[in-house]
Amino acid sequence: MQDFIKIHGGDNVAVALKPLSAGTKVLVESNEVELITDIPQGHKFALKDIKAGEPIVKYGYPIGNAREDIKKGEWIHTHNLKTGLGDLLTYTYNKQDTSLPATEERFFQGYRRPNGKVGVRNGIWIIPTVGCVNNIATAIERQAQKFVTGTVEEIAAFPHPYGCSQMGDDQENTRTILADLINHPNAGGVLVLGLGCENSNIPELKRYIGEYDPNRVKFLVCQESEDEIADALKLIEELAQYVGTFHREPVSCSELIIGMKCGGSDGLSGITANPTVGAFSDMLVSKGGTTILTEVPEMFGAETLLMNRCENQAVFEKTVDLINDFKNYFTSHNQTIYENPSPGNKKGGISTLEDKSLGCVQKSGSAVVKDVLKYGEPVHTKGLNLLSAPGNDLVASTALAASGAHIVLFTTGRGTPFACPVPTMKISTNTALSQKKNNWIDFNCGVLVEDTDMETLKNRFFDFVIEVASGKKVKSEEAGFHDMAIFKQGVTL
């Protein structure tokens with residue numbers, strides 16, 4: 001395993017790939033550096049003397065400015081590095097042509113739906129319209145497991161605390177996300193479970209769902225039923241008979257939609273796992289498929305890398321609005337825009353938001369940005385899309401599923417057990433995490449700094465995603481985990 005890595009030729013820092021002790025001498029491109037402080041794994045050290053106020057450069061871009069004079073070989077982190085970012089910015093479109101040549105078609109085994117959509121799972125989803133019936137929904141889920149047979153792969157409820165006493169965007173978000181999930185092709189059948197007196201009641205929600213197949217979507221209002229669980233189980237049985245008629249068949253990867261997210265990031269996220277996901281994204285896009293990148297606050301400081309890859313001026317303007325709208329969201333609540341890295345991020349070696357963002361956008365690969373989606377908006381353009389959603393893991397991953405992602409790729413340096421409504425693949429940035437939390441981690445990218453080159457790893461990773469799309473369960477599915485969270489922005493009555 002390498003001891004360190006200098007990511008870009010223009011960097012004035014290197015990153016320790018394992019703990020390095022003070023006094024260690026390393027040779028960085030014929031430059032001998034003696035470490036004058038201990039350097040934890042994933043953390044940075046200076047390759048030359050840096051004056052106070054001068055930029056710290058990583059990934060070839062500034063990640064902040066030195067708070068004080070920093071000596072060659074010194075540890076660089078939050079104590080001597082500060083963000084260089086401001087608030088709203090004016091952007092200029094400097095178009096870069098990053099079109100990818102088409103590559104050989106690949107197939108997975110998926111479920112073709114009557115409306116032409118494709119799913120990678122064939123489950124029955126129980127969607128509560130309001131938090132008041134959450135316990136009913138989970139009780140129905142438990143008692144309905146007897147119907148998981150044949151090609152019916154799962155029966156899962158998705159409780160949430162919303163659907164009533166909401167105003168404005170909050171109420172709109174709830175209705176939009178619930179309708180998106182009801183229409184998701186990974187669900188072969190859906191039971192929509194209402195209370196009866198809520199704001200987002202079933203008649204109101206139907207306006208958002210649009211046309212639906214009554215064989216696929218059933219509705220139950222609990223206040224109108226003498227025994228809502230018994231009535232629900234009858235409806236689940238009907239749905240199971242319908243869902244059981246679907247079988248996997250070969251489907252082109254051009255119909256795959258993959259969401260990309262990171263959480264619990266560390267200093268290796270932008271070196272191993274995120275670039276591997278980016279390489280995967282480019283491969284899928286080159287085969288006609290679709291990827292979605294979200295967590296907008298973790299684009300701050302790296303947004304111009306995405307803006308300059310926009311297909312045209314219109315997409316560029318939508319990206320500018322995507323960034324500035326989220327900055328305005330922060331400031332309208334009197335919150336600081338750039339205090340983003342979490343305690344876990346900092347422990348793992350991420351010092352500033354620029355540091356985090358430049359690692360985050362590695363997941364986008366190099367493809368052209370084809371479209372920008374509003375929160376809750378279904379994807380309708382093949383290729384790389386950007387989606388408006390916050391950085392919160394559960395909210396952002398649910399948003400990816402709601403926009404149509406069949407699978408969410410989730411890179412992490414610290415690990416997390418959560419899942420979202422679609423298969424949520426955990427990808428470790430370092431081998432130690434994959435070994436420690438083998439019950440959480442599905443794929444290890446830590447080998448990229450050990451004994452595996454990117455070409456080999458990206459092909460291995462692409463094959464693994466195809467396996468998951470074809471039915472292989474990820475660890476969170478094996479554990480029976482499924483979560484969902486809706487973006488809350490406003491007043492609760």
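So, here's what we can say about the structure. Source: prediction; values computed, not measured.

### Details of the pattern of salt bridges
- Under the definition given, this model contains 20 salt bridges.
- The salt bridge involving E29 is made with K6; its shortest N-O contact spans 2.9 Å. Taken together, the positions of E29 in the loop between β3 (25-28) and β4 (31-34) and K6 in the loop between β1 (4-5) and β2 (13-16) put the pair 23 residues apart, joining distant regions of the chain.
- For the salt bridge of E298 with K356, the shortest nitrogen-to-oxygen distance reads 3.3 Å. Here E298, found in the loop between β18 (290-293) and α6 (303-307), pairs with K356, found in helix α9 (residues 353-360); they are 58 residues apart in sequence, far enough to count as distant.
- Taking the relative accessible area as the measure of exposure, E298 reaches 5% and is therefore buried.

### Thoughts on helix α2 (residues 168-182)
- The terminal C-alpha atoms of α2, which comprises 15 residues, lie 22 Å apart, in line with the 21 Å expected from a rise of 1.5 Å per residue.
- Taking burial as the measure, the 15 residues of α2 include twelve buried ones, the bulk of the element.
- Among the residues of α2, those classed as buried are D170, Q171, N173, T174, R175, T176, I177, L178, A179, D180, L181 and I182.
- Packed against the buried residues of α2 are β12 (123-128), β14 (187-194), α3 (202-209), β15 (217-221) and α10 (393-402).

### Overview of the packing of α2 against α3
- Closest axis-to-axis distance for the α2/α3 pair is 9 Å, and the angle between their directions is 65 degrees. Classified by the interaxial angle, the pair formed by α2 and α3 is roughly perpendicular. In terms of crossing hand, the pair formed by α2 and α3 is right-handed. Taken together, the residues of α3 that come into contact with α2 (itself represented by E172, R175, T176, L178, A179 and I182) are E204, L205, Y208 and I209.
- Each residue belonging to the contact of α2 with α3 can be placed in one class, and the counts come to six nonpolar, one polar and three charged.

Cut-offs and rules
Residues numbered from 1 in each chain as written. Predicted model: local features only at pLDDT ≥ 70, side-chain atom pairs only at ≥ 80, totals over all residues. Heavy atoms only, no water. Salt bridge = Lys/Arg side-chain N within 4 Å of Asp/Glu carboxyl O. Helix = DSSP H or I, 4+ residues; strand = E, 2+ residues; numbered from the N terminus. Buried < 20%, exposed > 50% of the residue type's maximum accessible area, 1.4 Å probe, protein only. Expected span 1.5 Å × (residues − 1). Contact = heavy atoms within 4.5 Å. Axes fitted to C-alpha atoms, helices over the stretch in contact; angles between N-to-C directions. Parallel < 35°, antiparallel > 145°, perpendicular 65-115°, else oblique. Left-handed = near helix turned anticlockwise from the far one by under 90°. Nonpolar A, V, L, I, M, F, W, Y, C, P; charged D, E, K, R; others polar.

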